[in-house]
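# Observations on the model geometry
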Amino acid sequence: MESQRCPLLEVKKNIELKTPLVKGPSQLPLSRSRLKRGPNQMEDALEPAKKRTRGVGAATKINTSRSRVPPLTTVPQTQGHTAVQKVPKKTAPRCSTAITAVLKNQKPVPAVPAQKPGPTAVPPIAGVKKPSKRPAWDLKGQLCDLNAELKRCREKSQTLDQENQQLREQLKEAQQQAKDLGTERSTLEGELARVRTQAEQGQQQLGNLSAHVLELEERLGTQEGLVQVLQKEQLELQEERRGLTTRLEEQERRLQASEAALSSSQAKVASLQQEATTQAALLAERGDRLHGLEMERRRLHNQLQELKGNIRVFCRVRPVLEGESTPSPGFLLFPPGPGGPTDPPTRLSLARSDDRRATLSGAPAPTTRHDFSFDRVFPPGSRQDEVFEEISMLVQSALDGYPVCIFAYGQTGSGKTFTMEGGPGGDPQLEGLIPRALRHLFSVAQELNGQGWTYSFVASYVEIYNETVRDLLATGTRKGPGGECEIRRAGPGSEELTITNARYVPVSCEKEVETLLHLARQNRAVARTAQNERSSRSHSVFQLQISGEHAARGLQCIAPLNLVDLAGSERLDPGLALGPGERDRLRETQAINSSLSTLGLVIMALSNKESYVPYRNSKLTYLLQNSLGGSAKMLMFVNISPLEENVSESLNSLRFASKVNQCVIGTAQANKK
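Residues numbered from 1 in each chain as written. Predicted model: local features only at pLDDT ≥ 70, side-chain atom pairs only at ≥ 80, totals over all residues. Heavy atoms only, no water.

## Overview of the sheet that holds strand S4 (residues 332-333)
The criterion, for reference: One requirement defines pairing of two strands: DSSP has to find at least two bridges between them. In this description a helix means any DSSP run of H or I spanning at least four residues, a strand means any run of E spanning at least two, and both kinds are numbered starting from the N terminus. The contact criterion used is simple: two residues touch if any of their non-hydrogen atoms lie within 4.5 Å. Only the stretch in contact is used when a helix axis is fitted, and all axes are lines through C-alpha atoms; the angle between N-to-C directions ranges over 0 to 180 degrees.
Sheet architecture is open: three strands sit in the order S4-S5-S6, paired in antiparallel fashion. Two strands in the sheet have a free side with no partner beyond their single neighbour: S4 and strand S6 (367-373). Pairing analysis gives two bridges linking S4 to strand S5 (residues 347-353), with the strands arranged antiparallel. Across the sheet, residue Leu332 finds its bridge partner in S5, namely Leu350. Most of the contacts of helix H15 (residues 647-661) go to S5, to which it runs at about 145 degrees, and overall it touches S5 and S6.

## Quick look at the pairing of strand S17 (residues 539-550)
Put simply, the rule is: Each residue's exposure class comes from its accessible area (1.4 Å probe, protein chains only) as a fraction of the maximum for that residue type: buried when under 20%, exposed when over 50%, partly exposed otherwise.
When you tally the buried positions in S17, you get nine out of 12 residues, the bulk of the element. Pairing geometry for S17 and strand S18 (residues 555-565), over 11 bridges, is antiparallel. Counterpart to Gln543 in the pairing with S18 is Asn562. The turn joining S17 and S18, which pair antiparallel and follow one another in sequence, is formed by four residues; a positive phi near 70 degrees is taken by Gly554.

## Brief notes about the UniProt feature "binding site: ATP" (unreviewed entry) in the chain
This is how it is decided: UniProt positions are given in the numbering used here, feature names are shortened, and annotations may be inferred rather than shown by experiment. Counting of polar contacts relies on pairs of N or O atoms within 3.5 Å, with two restrictions inside protein: one atom must be capable of donating a hydrogen and the other of accepting it, and residues adjacent in sequence are counted only when both atoms are side-chain atoms.
UniProt marks Gly410, Gln411, Thr412, Gly413, Ser414, Gly415, Lys416 and Thr417 with the feature "binding site: ATP" (unreviewed entry), using the numbering shown here. Counting through the fold element by element, Ser414 comes out in the loop between strand S8 (404-410) and helix H9 (416-420). Ser414 gets classed as buried once you look at its relative accessible area, which sits at 1%. Residues contacting Ser414, with those up to four places away along its chain left out, are Arg318, Asn639, Ile640 and Ser641. A polar atom in the side chain of Ser414 sits 2.7 Å from the backbone oxygen of Gln411. Checked against the element boundaries, Lys416 lands in helix H9. In this structure Lys416 comes out as buried when scored by relative accessible area, which is 7%. Other than its neighbours up to four places away in sequence, Lys416 contacts Ala408, Tyr409, Gly410, Gln411, Asp565, Leu566, Ala567, Gly568 and Asn639. Looking at Lys416, its side chain comes within polar contact range of the main-chain oxygen of Gln411, at 3.0 Å.

## Topic: the packing of aromatic side chains
How we decide: Note on aromatic pairs: the rings of Phe, Tyr and Trp (six-membered ring only in Trp) are paired at centre separations within 6.5 Å, and the planes decide the class, stacked below 30 degrees, edge-to-face beyond 60, tilted for the rest. Two conditions define a charge sitting above a ring: the NZ of Lys or the CZ of Arg must be within 6 Å of the ring centre, and it must be within 35 degrees of the ring normal.
Applying the stated criterion across every chain, the model contains eight aromatic pairs. Clustering of aromatic rings is evident, with ring pairs tying together Phe314, Phe378 and Phe637. Here the guanidinium or amino end of Lys633 rests over the ring plane of Tyr402, the centre of that ring lying 5.2 Å away.

## Some points on the packing of helix H8 (residues 384-399) against helix H10 (residues 433-449)
Packed helix pairs are characterised by how far apart their axes lie and by the angle those axes make with each other. Let me state the cut-off plainly: Should an angle lie under 35 degrees it is considered roughly parallel, over 145 roughly antiparallel, and from 65 to 115 roughly perpendicular; all remaining angles are considered oblique. The hand of a helix crossing depends on one turn: near helix anticlockwise from the far one by less than a right angle means left-handed, and clockwise means right-handed. Polar here means any residue outside two lists: the nonpolar Ala, Val, Leu, Ile, Met, Phe, Trp, Tyr, Cys and Pro, and the charged Asp, Glu, Lys and Arg; Gly therefore counts as polar.
Where H8 contacts H10, the two axes come as close as 9 Å, and the packing angle between them is 50 degrees. Regarding the angle of H8 to H10, the classification is oblique. For the pair H8 and H10, the crossing hand works out as right-handed. Between H8 and H10, the residues in contact are Gln384, Asp385, Val387, Phe388, Ile391, Ser392, Val395, Gln396 and Leu399 and Leu433, Arg436, Ala437, His440, Leu441, Val444, Ala445 and Leu448, respectively. Taken together, the residues of the contact of H8 with H10 break down into 11 nonpolar, four polar and two charged.

## Comments concerning the pairing of strand S19 (residues 633-640)
On a regular strand, each side chain points to the face opposite its neighbour's, so the side chains alternate between the two faces of the sheet. In terms of burial, S19 is a largely internal element, eight of the eight residues being buried. Neither face of S19 is open: one carries Lys633, Leu635, Phe637 and Asn639, the other Met634, Met636, Val638 and Ile640, and all of them are buried. Sheet analysis places S8 next to S19, joined by seven bridges and oriented parallel. Across the sheet, residue Phe407 finds its bridge partner in S19, namely Met636.

## Notes on the nonpolar core
Applied cut-off: Definition used in this section: a nonpolar core is a set of buried Ala, Val, Leu, Ile, Met, Phe, Trp, Tyr and Cys residues joined via side-chain atoms within 4.5 Å.
Grouped together as the largest cluster of nonpolar side chains are 51 residues, with contacts concentrated most on Cys315, Phe407, Leu628 and Leu654. Sorting elements by how many residues they give to this core places helix H13 (residues 582-607) first, with seven residues. If we ignore the near neighbours within four places in the chain, the residues touching Leu654 are Cys315, Leu348, Leu350, Phe372, Phe374, Val638 and Ile640. Membership of the second largest hydrophobic core comes to 44 residues, among which are Phe378, Leu399, Ile434 and Ala459.

## What to know about the pattern of salt bridges
Note the threshold: What counts as a salt bridge is simple: a side-chain nitrogen of Lys or Arg found within 4 Å of a carboxyl oxygen of Asp or Glu.
Counted according to the given criterion, the structure contains 13 salt bridges. With a closest N to O distance of 2.8 Å, Arg185 and Glu189 form a salt bridge. Residue Arg185 and its partner Glu189 are located together in helix H5 (residues 139-247), separated by four residues, close to a single helical turn. Note that Glu486 and Arg488 form a salt bridge whose closest N and O atoms lie 3.8 Å from each other. Its relative accessible area of 34% is what places Glu486 among the partly exposed residues. Given the relative accessible area of 44%, Arg488 is considered partly exposed. Through salt bridges that share partners, Arg134, Asp138 and Asp145 make up one connected network.

## Notes on the packing of H10 against helix H11 (residues 510-523)
Axis separation between H10 and H11 bottoms out at 10 Å; the angle between their running directions is 155 degrees. It follows from the interaxial angle that H10 and H11 lie roughly antiparallel. Along this stretch, H10 crosses H11, giving a crossing that reads as right-handed. Between H10 and H11, the residues in contact are Ile434, Pro435, Leu438, Arg439 and Phe442 and Glu510, Val513 and Leu517, respectively. Considering only residue class, the contact of H10 with H11 consists of six nonpolar, no polar and two charged.

## Remarks on a nonpolar patch on the surface
Applied cut-off: Two distance rules govern patches: like charges are joined within 9 Å, and nonpolar side chains (Val, Leu, Ile, Met, Phe, Trp, Tyr) within 5 Å, applied only to residues with over 30% relative accessible area and no salt bridge. What sets the accessible areas is the Shrake-Rupley method with a 1.4 Å probe; for residues, cover comes only from the shown protein chains.
Together, Leu226, Val229 and Leu230 give the surface a local cluster of nonpolar side chains, amounting to about 250 Å² of exposed area. With respect to the secondary-structure elements, Leu230 resides in helix H5.

## Topic: unusual backbone geometry
Here Glu467, not a glycine, exhibits a phi torsion of approximately 60 degrees, which is positive. Within the secondary structure, Glu467 is located in the loop between strand S9 (453-465) and strand S10 (468-471). Judged by relative accessible area, which is 28%, Glu467 ranks as partly exposed. A positive phi angle, near 65 degrees, is found at Asn501, a position not held by glycine. Checked against the element boundaries, Asn501 lands in the loop between strand S13 (497-499) and strand S14 (505-507).

## Here we look at H11
The condition that has to hold: In this analysis, the expected span of each helix is defined as 1.5 Å times one less than the number of residues it contains.
Here H11 spans 20 Å end to end across 14 residues, near enough to the 20 Å set by a 1.5 Å rise per residue. Buried residues belonging to H11 abut H10, S9 and S14.

## Topic: the confidence of the model for the chain
For the record, the criterion: Confidence scores per residue from the predictor, reported as pLDDT, run from 0 to 100.
For the chain, the mean per-residue pLDDT works out to 76, and 70% of the residues sit at or above 70. Per-residue pLDDT stays below 50 along residues 527-534; that stretch engages in 26 contacts with residues further than four places along the chain or on separate chains.

Listed below in structure tokens is the structure:
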């Protein structure tokens, strides 16, 4: 506000103290264009008259010069008229810097006294031709010249009067602007006073609020101290109350306190009972929801397994053992899976040379490559845990009530027993599918126990040797020829099959399963062949009967899990051992190949939806018929050797597995009651 008031005061002072800018026409400066005509030109025009007056004796001197007065403003001349620069009018409510500067720097113009014309020498104007002098005797001509000059001076005087009038109007406008600025100044000063008053009031209110805040802080501190005192008193009273409660046991007031406590306890008991009822209802609701989710999980799990196929075939190639010849490069190839190099392989390529064509033609034997495709291919470097990871969900289906059967198929020495039971020495990394599957089932059953499911497991382990069923868990007098078993139905009209004279052992932990596997490994029929020092000459079938019950909902599910280690599938000549037992080996091989052929025929009949399925053509298929039909899921491992000398048997195994892989069985159904 001070910066705006100062220019207004200066303008007002300048207007009051300065004298009028122009007093009369004689005090105004001439235009620059008018002054170009100097006194010398006028003297030249009047020089003949001077000469005449000298001769006549009347000397008249005419001085056309004017004294120079500093102009108020520069007034340029255009087309004979003088344009005067006007002072700009007020265009804003505040003082203009340009107007203030003009009015502040303007000084009073002193009055210029009238001067007599004199013989002031004025240089002639460049480019203007000097008029010729009249002769002394031409007085009339000189008079005419003087009249013309007088007319010009009058016109100039009129022009100057007009300019003077315009300057006066400008002065009035400037004075009016100064008056308006003064009025605005007064208004602004009033506003400044009002704002200052408001600021003082605000300061006063701020002071009052600060004092009130201090007062409240003091009160808060007092209240906090009081609260602390009360809390301390409350603790003391609580301690005192505990002491009084103890002493009231021997006083009459204890009865009243006990009654009050009894009433309170009854109210709490009622509240707890109501809360327990609510919790029970909530628990039942959550149990229903959890049960629904479990049923949905089982449905989706089964749907996923069906999408993968109710009959699946995996191929596993065992690694080259110590002392065996390393196969040539390119003999076995594992192309990447459909998703690229990171995807597990599903194809296998095996090269074979035709020795017969080489003998007839004399040229090197050409190589023929055979390509096979399966659900999954495990190269020689695959670990046991990787193999089980692929079948863990299938094992889970057995716990959900779906019959499951897993085979290990292949020639002697291809790693079937290693895949199913694992390696010797009890190394956890070498455990086979049977111990891993049992461990997985026990773990999942323990989790489902929290949802109301109760599971029991009963294991049996038999072998089929020369179409004879033997119990591998038999001990003592039950071992030997008298321990033969028969496959019978559990009862009239029952579809469940049992084995007479066989042990059914309930199991609930891994240690019990390890004991059974060790006993079965000792009782299994083995013999020495040309391809394996200790070759399995029988089909071993590990059966686990799974029974689940949900007592609260009255649900039951029963399903078998069959893990089968088939006997060697090689032809007679490669696996025949020399010696007196040749006829026994021949009979064993014929029985093995016959049962394997029947297994293939059963799978083909199921795939073709034939009305007759030849289950009874073999003890193996007859025992497993409830796990091979449309309500079951089946997985076959085809195990092959990586050696070139076994290429013929490997091709036979791969071709048989390819036929099985092309079969499709109907939708599986859970065995629920």
